[in-house]
Amino acid sequence: MAGRVLSDASPLIGLARVDGLPWLKDLFGEVWVPQEVWRELLPGRGLPDEPLLLCAHERGILRLCDAAPVEPPGACIDAGLDAGLDEGETACIRHALADGKGSLLLMDERAGRAIAIEQGLQVVGTAAVIGMARQRGLIPSAKAVFARLHASDFRISAAVISTILRRVGEAD
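### Some remarks on the overall build of the chain
Phase 1: For the chain, the helix and strand inventory stands at nine helices and five strands.
Phase 2: Helices and strands appear in the chain in the N-to-C order β-α-α-β-α-α-β-α-β-α-β-α-α-α.
Phase 3: Out of the 172 residues in the chain, the part that is buried amounts to 46%.
Phase 4: The contacts in the chain between residues at least 6 apart in sequence include a share of 66% that link residues at least 24 apart.
Phase 5: Split by element, the accessible area of the chain, about 8600 Å² in all, is 52% carbon and sulfur.

### Here's the deal with the pattern of salt bridges
Proximity of charged atoms lets side chains of opposite charge pair with each other.
Phase 1: Under the defined criterion, the tally for this structure stands at six salt bridges.
Phase 2: Taking the shortest distance from any N to any O, the salt bridge between Arg-134 and Glu-170 comes out at 2.7 Å. With Arg-134 in helix H7 (residues 126-135) and Glu-170 in the segment after helix H9 (158-167), the pair connects residues that are 36 residues apart, well separated along the chain.
Phase 3: A network of salt bridges, in which partner residues are shared, links Arg-17, Asp-49 and Asp-153.

### Looking at H7
Phase 1: H7 sits mainly inside the fold: seven of its ten residues count as buried.
Phase 2: Of the residues making up H7, those classed as buried are Thr-126, Ala-127, Ala-128, Val-129, Ile-130, Gly-131 and Ala-133.
Phase 3: Contacts made by the buried residues of H7 are with helix H1 (9-17), helix H2 (21-28), strand S4 (104-106), strand S5 (122-124), helix H8 (142-151) and H9.
Phase 4: After H7 finishes, the residue Gly-137 shows a positive phi value of roughly 75°.

### Quick look at the nonpolar core
Phase 1: Of all hydrophobic cores here, the largest spans 54 residues; its most connected members are Leu-24, Leu-62 and Leu-105.
Phase 2: The contacts of Leu-105, once residues within four sequence positions are left out, are Leu-6, Cys-92, Ile-93, Ala-96, Ala-116, Leu-121, Gln-122, Val-123 and Val-124.

### Describing the state of the cysteines
Phase 1: Going through the model one piece at a time under the given rule, you end up with zero disulfides.
Phase 2: Of all cysteine sulfurs, the one in Cys-65 lies closest to Cys-92, which takes part in no disulfide; the gap is 7.4 Å.

### Examining the packing of aromatic side chains
Phase 1: If you walk through the whole model with that rule in mind, you get zero aromatic pairs.
Phase 2: Over the ring of Trp-32 we find Arg-4; its NZ or CZ atom is 4.8 Å from the centre of that ring.

### Regarding the packing of H8 against H9
Phase 1: One can describe the packing of H8 onto H9 by two numbers: an axis separation of 10 Å at closest approach and a directional angle of 160°. Considered as vectors, H8 and H9 are oriented roughly antiparallel to each other. The element H8 and its partner H9 pack so that their crossing is right-handed. The segment H8 lies against H9, with Ala-142, Lys-143 and Phe-146 engaging Ile-161, Ile-164 and Leu-165.
Phase 2: Of the residues in the contact of H8 with H9, the class split is five nonpolar, no polar and one charged.

Rules and cut-offs
- Residues numbered from 1 in each chain as written.
- Predicted model: local features only at pLDDT ≥ 70, side-chain atom pairs only at ≥ 80, totals over all residues.
- Heavy atoms only, no water.
- Helix = DSSP H or I, 4+ residues; strand = E, 2+ residues; numbered from the N terminus.
- Buried < 20%, exposed > 50% of the residue type's maximum accessible area, 1.4 Å probe, protein only.
- Contact = heavy atoms within 4.5 Å.
- Areas by Shrake-Rupley, 256 points an atom, 1.4 Å probe, with all protein chains shown as cover.
- Salt bridge = Lys/Arg side-chain N within 4 Å of Asp/Glu carboxyl O.
- Core = buried A, V, L, I, M, F, W, Y, C linked by side-chain atoms within 4.5 Å.
- Disulfide = S-S within 2.5 Å.
- Phe/Tyr/Trp six-rings, centres within 6.5 Å; stacked < 30°, edge-to-face > 60°.
- Lys NZ or Arg CZ within 6 Å of the ring centre and 35° of its normal.
- Axes fitted to C-alpha atoms, helices over the stretch in contact; angles between N-to-C directions.
- Parallel < 35°, antiparallel > 145°, perpendicular 65-115°, else oblique.
- Left-handed = near helix turned anticlockwise from the far one by under 90°.
- Nonpolar A, V, L, I, M, F, W, Y, C, P; charged D, E, K, R; others polar.

The following block contains the structure:
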C-alpha cells in the first residue's frame, strides 16, 4: 500500500469493542487519526472504549495527524465536501486527498463513504477489517467477532456481514 491508512471514529469504536485495535498493527502498521476524529473518540467522559483507544495510541498503532491538511498545488478539493458529513469524516477525506498517495480510509458511514469513493479514494469499513483479520489468521472466526460486536449494540447490516462471511469462507 502506497499511502497512509486514515480512520474515522466508527471503525475504531467498533474494533475497540471486540478488542480488535491490535489487529490494525498487523494489517496496516499504523493508522492515522485526524484531530477532529480524536476529539470525537475521547470526549473525556470515561466511556469504556477510551482506555483501549489511548493504549493503541501509546503503542503507536494509532497516530494523530497534523492539524489541517495543506491542499497540494494544483489540487481542487471540493469546497462542498463537508455537506452532510461530520467533522471527522470530512477531515479523513481531506487528509486522504491532500496526501495524494492512494490513502485507504476506514469509514462506515454511507454518506462519507460515497463522497470518498466519488473523490477516487479507497474505503473499507469495520466489517472489511474484521474480514481481513480473519484472512490473515489474526482471529479464528469472523462470525464470532460479528456476534460480539452486535451484542455491544454496534450495528452492521446483515447483507454486509453475509458478504464478508462468504469472502472468508464462514457462510452458512
